[in-house]
Amino acid sequence: MKIVVLAGGLSPERDVSLSSGSLIANSLMESGHEVLLLDVYEGLEIDAKDYGILFSKADDGRKYSYQVTEKEPDLNEIKLRNNGQEAFIGKNVLEICKYADVVFIALHGSMGENGQIQATFDNFNIKYTGTGYIGSLLAMDKDISKRLLVQAGIPTADWILYHTSNNSFNTIIEKIGFPCVIKPCSNGSSIGVSIAGTKDELNRALQYATTYEDNVLIEKLVKGREFSVGILKEEALPVIEIIPLKGFYDYKNKYQGGMTKEVCPAELSAELTKTIQERALLVHKILRLGDYSRIDFILNDDNEFICLEANTLPGMTPTSLIPQEAKQKGISYQSLCEIIAKMPLEN
């Protein structure tokens, strides 16, 4: 197959996306496909008659590589590098994606996960991996997804939606209290996320989060062990436990090697393992997620799983969780990429 691995974009999670996309592209080439790693924001200047030469095979000797740095990228610098381009979709991106047999979406955050790119592809009849535009929208907006989970009886941390124009400190303290978690409503990779235990920390956290978007989720901090469950083809993968060696599971701890200990399969009783896997699958279905996803939980002191959020495009970096879970089920990284790439053509 000719496969476009779509990555990059104008999102704080750009580097994570390019790292995931590089590994995915290399793996798909090793499986015998013709592959192009394409930056959705930058696009390419090329004539339509030359689209075919963009795609590489394993025996071409080409290898993609991208390293995630400790801090999120400077998006203003990215825009300057591209003459201040405002459009999220770059030159010839849609045409090249239409030329391919399938698009493996390796985007994270922003238009890659909120349903915009999925809806665009649907309008152009472009086959793509992952969740469709409805599920992407529902899962990406943390306020909406939590409302749906509560309605379905799935425990989630108490929260309020903060907006700079209509909330006050007193509202947060009265309804949520300290300690609390502050996060942009529609970001991923823990970008913009802080934990506050005082008014001063809350003020700094709000200033940080609102640099990314005006809507901010303020959650009551749930203490306990953190777990994640991948879903592949409507089946729960082995549970993984996430243990940051310092602090919480933030951007640095997620993407820098050696910062977090991951245990898979997680050390849980058979009963608790069954409970969290069933709950993850239920969240997956409630939010109308697609061929694969990842659902995150905290196991609190009462042995109750509290759902944190759902991820429609889980990371595929060297330290990402889904590849580790799949490996425990006997699915290699290369096989996992192959399975995901073929699913849009099977539906």
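One structure accompanies this document, and this report is about it. This is a predicted model, so every value here is computed, not measured.

**Section: the environment of Tyr51**
Point 1. Summarising the element assignment, Tyr51 is placed in the loop between strand 2 (34-39) and helix 2 (75-81).
Point 2. Relative accessible area serves as the criterion here: at 6%, Tyr51 is assigned to the buried category.
Point 3. The sequence separation of Tyr51 and Leu36 amounts to 15 residues, and the corresponding C-alpha distance is 10 Å.
Point 4. Tyr51 has contacts with Ile46, Asn92, Glu95, Ile96 and Tyr99, leaving out every residue within four places of it along the chain.

**Side note on empty space enclosed by the protein**
Point 1. Across all of its chains, the model carries three cavities of 30 Å³ or more by this definition.
Point 2. The space that makes up the second largest cavity amounts to roughly 60 Å³.
Point 3. Lining the second largest cavity, in full, are Gly8, Gly9, Leu10, Ser11, Val40, Phe88, Leu107, His108, Gly109, Ser110, Met111 and Gly112.
Point 4. Taken together, the residues of the lining of the second largest cavity break down into five nonpolar, seven polar and no charged.

**Comments concerning the pattern of salt bridges**
Point 1. With the rule as written, the count across this model stands at 17 salt bridges.
Point 2. Asp39 is the salt-bridge partner of Arg14, the closest N and O atoms lying 2.7 Å from each other. With Arg14 in helix 1 (residues 14-30) and Asp39 in strand 2, this pair connects stretches of sequence that are 25 residues apart. Assigned by exposure class, Arg14 and Asp39 land together as buried.
Point 3. When the shortest N-O distance is used, the salt bridge between Arg225 and Glu241 registers 2.8 Å. A residue pair is termed long-range when its members are at least 10 positions apart, and Arg225 in strand 8 (residues 225-232) and Glu241 in strand 10 (residues 240-244) qualify at 16 residues.
Point 4. Of the residues examined, Glu241 reaches a relative accessible area of 8% and is grouped as buried.
Point 5. Where salt bridges share partners, they join Arg14, Asp39, Glu42, Glu77 and Arg81 into one cluster.

**Description of the packing of helix 1 against helix 13 (residues 333-346)**
Point 1. Two numbers describe how helix 1 lies on helix 13: the axes approach to 9 Å, and their chain directions differ by 90°. Between helix 1 and helix 13, the angle is such that the two are roughly perpendicular. Of helix 13, the residues touching helix 1 (which contributes Ser20, Leu23, Ile24, Ser27, Leu28 and Glu30) are Tyr333, Gln334, Cys337, Glu338 and Ala341.
Point 2. Of the residues assigned to the contact of helix 1 with helix 13, the class counts are six nonpolar, three polar and two charged.

Quick notes on the rules
Residues numbered from 1 in each chain as written. Predicted model: local features only at pLDDT ≥ 70, side-chain atom pairs only at ≥ 80, totals over all residues. Heavy atoms only, no water. Helix = DSSP H or I, 4+ residues; strand = E, 2+ residues; numbered from the N terminus. Buried < 20%, exposed > 50% of the residue type's maximum accessible area, 1.4 Å probe, protein only. Contact = heavy atoms within 4.5 Å. 1 Å grid on protein atoms, 1.4 Å probe; cavity = no way out; pocket = protein on both sides within 12 Å on 5 of 7 lines; lining within 4 Å. Points joined across faces, edges and corners; volume = space filled by probe spheres on them. Nonpolar A, V, L, I, M, F, W, Y, C, P; charged D, E, K, R; others polar. Salt bridge = Lys/Arg side-chain N within 4 Å of Asp/Glu carboxyl O. Axes fitted to C-alpha atoms, helices over the stretch in contact; angles between N-to-C directions. Parallel < 35°, antiparallel > 145°, perpendicular 65-115°, else oblique.

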